[in-house]
Structure formats: structure tokens, C-alpha cells
Amino acid sequence: MLKDPFQRLNLDREVLTVSQLNGRARLLLEDVFAQVWVEGEISNLAKPASGHIYFTLKDKNAQVRCALFRQNALRVRQALRDGLAVKVRGRVSLFEGRGDYQLILDNVEPAGDGSLRLAFEALKEKLDAEGLFDAADKRALPAHPRRIGIVSSPTGAVIRDIISVFRRRAPHVALTLVPTPVQGREATAQIIRALELADRGGFDALILARGGGSLEDLWCFNEEVVARAVAACETPIVSAVGHETDVSIADFVADVRAPTPSAAAELLAPSSADVRQRLEGLRQRLLLRMRDRLHRDATRLEGLTRRLRHPGERLQQQAQRIDDLEQRLLRGIDRRLCAGQERLARLETRLAGQHPGRNLTLLRQRLDHLSSRLPRAMQDTFKGHRQQLQGLAQTLNVVSPLATLSRGYSILLDERGQAIRRADQTQPGQRLKARLGEGELDVRVEDNHQTPVTLSLLD
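Since the model is a prediction, treat every value here as computed from it, not as a measurement.

(A) Molecular detail of unusual backbone geometry. Phi at N44 is positive, roughly 55°, even though this residue is not glycine. Assignment of secondary structure puts N44 in strand β1 (residues 36-46).

(B) Spotlight on the pattern of salt bridges. Applying the stated criterion across every chain, the model contains 15 salt bridges. Note that D297 and R293 form a salt bridge whose closest N and O atoms lie 3.6 Å from each other. Residue D297 and its partner R293 are both found in helix α10 (residues 272-307); the two are separated by four residues, about one turn of the helix. One salt bridge connects R422 with D424, and the closest N-O pair in it is separated by 3.3 Å. Connected via shared salt-bridge partners are K126, E130, E224 and R228.

(C) Fine view of helix α6 (residues 187-199). Taking 1.5 Å per residue, 13 residues should reach 18 Å; α6 reaches 18 Å between its end C-alpha atoms and fits that length. Burial in α6 covers these residues: A187, T188, I191, I192, A194, L195 and A198. Taken end-on, α6 shows its buried residues confined to a sector of 165°, consistent with a single buried face. Contact partners of the buried residues in α6: β6 (147-152), β7 (174-179), β8 (205-210), α7 (224-232) and β9 (237-241).

(D) Looking closely at the sheet that holds strand β10 (residues 256-257). Read across the sheet, five strands follow the order β7-β6-β8-β9-β10 without closing on themselves; strand pairing throughout is parallel. Each edge of the open sheet is held by one strand with a lone partner, namely β7 and β10. Where β9 meets β10, two bridges bridge the pair, whose relative direction is parallel. Of the residues in β10, the one forming a bridge with S239 is R257. Set on the sheet, helix α5 (residues 157-169) makes contact with β6, β7 and β8; between it and β8 the angle comes to about 140°.

(E) The nonpolar core, seen in detail. Grouped together as the largest cluster of nonpolar side chains are 34 residues, with contacts concentrated most on L127, I191, L195, L208, F221, V230 and I237. Sorting elements by how many residues they give to this core places α6 first, with six residues. When neighbours within four sequence positions are excluded, F221 is seen to be in contact with V182, I191, L208, R210, V226, V241, S248, I249 and A250. Counting residues in each nonpolar core, the second largest holds 20 residues, with V238, A240, A265 and L268 among its members.

(F) Up close: helix α12 (residues 356-399). Between its first and last C-alpha, α12 extends 62 Å over 44 residues, near the 64 Å set by a 1.5 Å rise per residue. The sharpest bend along α12 comes to roughly 30°, located at L374, with the proline P375 sitting one to four residues further on.

(G) Structural context of the environment of I42. Inspection of the secondary structure puts I42 in strand β1. The contacts of I42, once residues within four sequence positions are left out, are F55, T56, L57, L80, R81, D82, G83, L84 and V86.

(H) Geometry of the packing of α5 against helix α9 (residues 261-268). Close contact between α5 and α9 brings their axes to 8 Å; oriented N to C, the two are set at 30°. Of the possible angle classes, the one that applies to α5 and α9 is roughly parallel. The handedness of the crossing between α5 and α9 is right-handed. Here V158, D161, I162, V165, F166, R168 and R169 of α5 lie close against α9, whose contacting residues are P261, S262, A265, E266 and L268. Residue composition of the contact of α5 with α9, by class: seven nonpolar, one polar and four charged.

(I) Fine view of the sheet that holds β1. The strand order around the closed barrel formed by five strands is β1-β2-β3-β5-β4, and the pairing between neighbours is mixed. For this sheet, the mean inter-axis angle between neighbouring strands, taken without regard to orientation, is 55°. As defined by bridge partners, β1 adjoins strand β4 (residues 85-95) across six bridges and the pair is classed as antiparallel. By the bridge assignment for β4, V36 is matched with G90.

(J) Spatial organisation of the side chain of S153. For S153, the position within the fold is in the loop between β6 and α5. A polar contact of 3.2 Å, which involves the side chain of S153, links it to the side chain of T155. Residues within four places of S153 in sequence aside, it is in contact with I159, T180 and V182.

What counts and what doesn't
- Residues numbered from 1 in each chain as written.
- Predicted model: local features only at pLDDT ≥ 70, side-chain atom pairs only at ≥ 80, totals over all residues.
- Heavy atoms only, no water.
- Helix = DSSP H or I, 4+ residues; strand = E, 2+ residues; numbered from the N terminus.
- Salt bridge = Lys/Arg side-chain N within 4 Å of Asp/Glu carboxyl O.
- Expected span 1.5 Å × (residues − 1).
- Buried < 20%, exposed > 50% of the residue type's maximum accessible area, 1.4 Å probe, protein only.
- Arc of directions from axis to C-beta.
- Contact = heavy atoms within 4.5 Å.
- Pairing = 2+ DSSP bridges.
- Axes fitted to C-alpha atoms, helices over the stretch in contact; angles between N-to-C directions.
- Core = buried A, V, L, I, M, F, W, Y, C linked by side-chain atoms within 4.5 Å.
- Bend = angle between axes of the 7 residues up to and from the residue.
- Parallel < 35°, antiparallel > 145°, perpendicular 65-115°, else oblique.
- Left-handed = near helix turned anticlockwise from the far one by under 90°.
- Nonpolar A, V, L, I, M, F, W, Y, C, P; charged D, E, K, R; others polar.
- Polar contact = N/O pair within 3.5 Å; in protein donor to acceptor, adjacent residues only side chain to side chain.

Keep in mind these values describe shape, not function.
This is how it looks when you write it as C-alpha cells:
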């Protein structure tokens, strides 16, 4: 500490402005408190968009403003919140604009219970993500246990409270204490060994119990290895660690959580009065069921008795039924024989009608008839064809060119044998052939008159 800080700041009788005073005060504070560690509780936490963090660090009697700028805030791993106990490192400074004294921080760490609470929350999230808290995997407690294992300290009020509850509610249940320390550094490993030993003991259920205390006192039940040991047990476990307001990781992993060790005992110790009342209810239900069953059986027996007949009567009925069936069988055989005989007669008649000799006689008669009809049919067919041919010859002779030639006409043919139809198809001096009704003439064209020539049909 400077013996004369005012001399260092050149303060004598100089009159300073407010800005000068705050500036020199800031230099003095930063020089004297260049780096300090301060422990307190966070309040009035603010996180603006700039990324800086501002809060007030307080204890029971005082408070101080703190500023954690963005580049240092990125290095803080735990989530800051109001009420969190922390240890901070930084330099003391002064905000000249308002004259407020503050801490400029470069590191924030959890302090005391705050660090344990952060570790508790981190382990809780981890085990929950792995499925160790799933309700579907929880085992149901036995309704009427006979042997209970208690994993707890052999001293203290916890074991006495549990024994008192069982002695009052279920004195028939056998209790076995598996002793283990429940606080301190060595307690974690011994609790794990006690759980493994109790799980192999063949108990119907286990009680993991401890009295109340601070978070540090109960911390062995928040260790990950203890939680996994509880989850690995095959025997159903009731966790009763601390008072009703205390919560441990073992509570979440166990099959059932009890608020207190006495409550855990009550869960596994059915009340004798309740058991007697339930047994009485079951006895009444059994009596009613037996009476109903006897009444139904008696009614059924009476009905069967009325339906019961003498064996001789049943034999007579069977003999009568056999006689009736015999008569029905004989009648059926007779009907089948008659039907068979009728069918046989029909088949014989059909067979006689299909005899080869008869068929041959009929075919021969038909052949003779057809043979006699064939000459007449041929003559009639030839006569019809002859008459048709004569008619066609007469029709053809009418339109034949030869008939035209026989009436005095002729046909002129050129050297290629083509008929001459017009005068302009010939040339003077051209030789033609004239076909007459009888014979042919060779002619020569003297002149091919192009003018029309009138022919007389009377010549």
C-alpha cells in the first residue's frame, strides 16, 4: 500500500473537476487492487446483446457491482444465475461516468455449495439422458415382503425409526442391516460394496437410508458410481436419503423414493390391521363364492336327476330305433332294385334298337332307294341344262356379229386386224380386208371421204 497516494497523484491544493477526480480515483484503485479474489452470491444478473455480463456480488452486509466482458465471459463454463455462490477474480476499478466503484472480472468459479449444485445438475442431466431415471424400468415393490435388507449406518436414529415402524406395523417381517458409513470420503466405496452384498442376499426389497444433513454431508449419495450401483441392483430399492426436502441422485435412480426413512419403512411394512381387514374381506368373498357355487351345483344336480333315465328304457329306445332303421334299409334296398331293373330294361331296349344287323338292313334299303332315284335325277338335270344351253345359244346368236354379216353387212379390218370404225382411220391407197357373212375380200382405199355418207337401210 502506498504511504502517500496523494503525493503520487500530484494532489496538493489543486482544484479538480469531477471527471479529473473520478479518473485519478480509478487509477488509484486499479493500482492498489490490481487483482483480487472475492466470494459472494450473484444477484441482478443481466446479459445484454453485446455479450457482456453484469451482476451484483453480495453477502449478508454489502454488495459490489461486477462486469464480465465478452472475451472473458466466453471462458466461463458454468451457467451463471441469480443466487449462485461464486468466487470471482478481477481488478477493482471505477466507472467514471457515474462514479460507481466496480470489479472488472476475468474469471468466475463456483464456490462452496454452488459448485456441488452445478455438479449435481450436470450428473442428473447425464444419467437422465442415459435412461437411468425412466419410469418404465422401475420395479414394483412386493406387496407382502418377508425379508427386508437395510443399507445404512448402524448408529443413529435412522435404523431405530425403521425398526420401530416394522415392529408396529409388520412384526413378522425379518429385517437385516447391511452396515456402511453414509458420510465422508470413504463412504462412497463402502456404500457400493454394501449394495452389492445386499443384492446377493435374497431379500424381497432393500432400503437405502440416511438422516438429513447439508449437501456436502449427503454428497456420497450424489456420486455417479453410487447411482450406477443402485441401478445395477436386481432387488427393488427404496431410497430414503435425508429429510423430505432433500433430493439426491440415488432418489432418481432407485425404484421408489421415500421422503424419510420412516416413510420407506411404511411403504414396505403393510399394517397388520389393514392385512386383517383385507383377509376378512377375502374370507367373506370366499364364503359368498362357495355358497353361489354350491347353489349352482345343486340346481344342476337336480336338473340332471330329472333327466336321468333307467338303462332298460334307453335300451328299449335303442332297439326300437334299430328296428326302424332296419325297415328303412329294406325299403331303400327294394327301391334301388326296382329302379335298377327299370333302368336295365330301358338299356336293353336301346341296345336292341342299336343292333348292327338292323342298322345294315335299314342302310341297304336306303341305298336301293337312292340307286333308283339317281338315273331319274341325272336325266332331269341333263334336260334342264340342255334347255338352259339352248336359250343361251339363241341369245348369243342374236347379238353375234356373224348374224349381222349374214344380213349383208361387212367388217373392214386393217393390216393389224383392227376394225375400221371411221374414215379418218384410213389413208388413200391403203389395203384393207373386208369380212362378209361368207368369205373375205381384199380391198384398196381409193378415197376416204371425210364428209358423212347417208346409207339406205332399204337396199
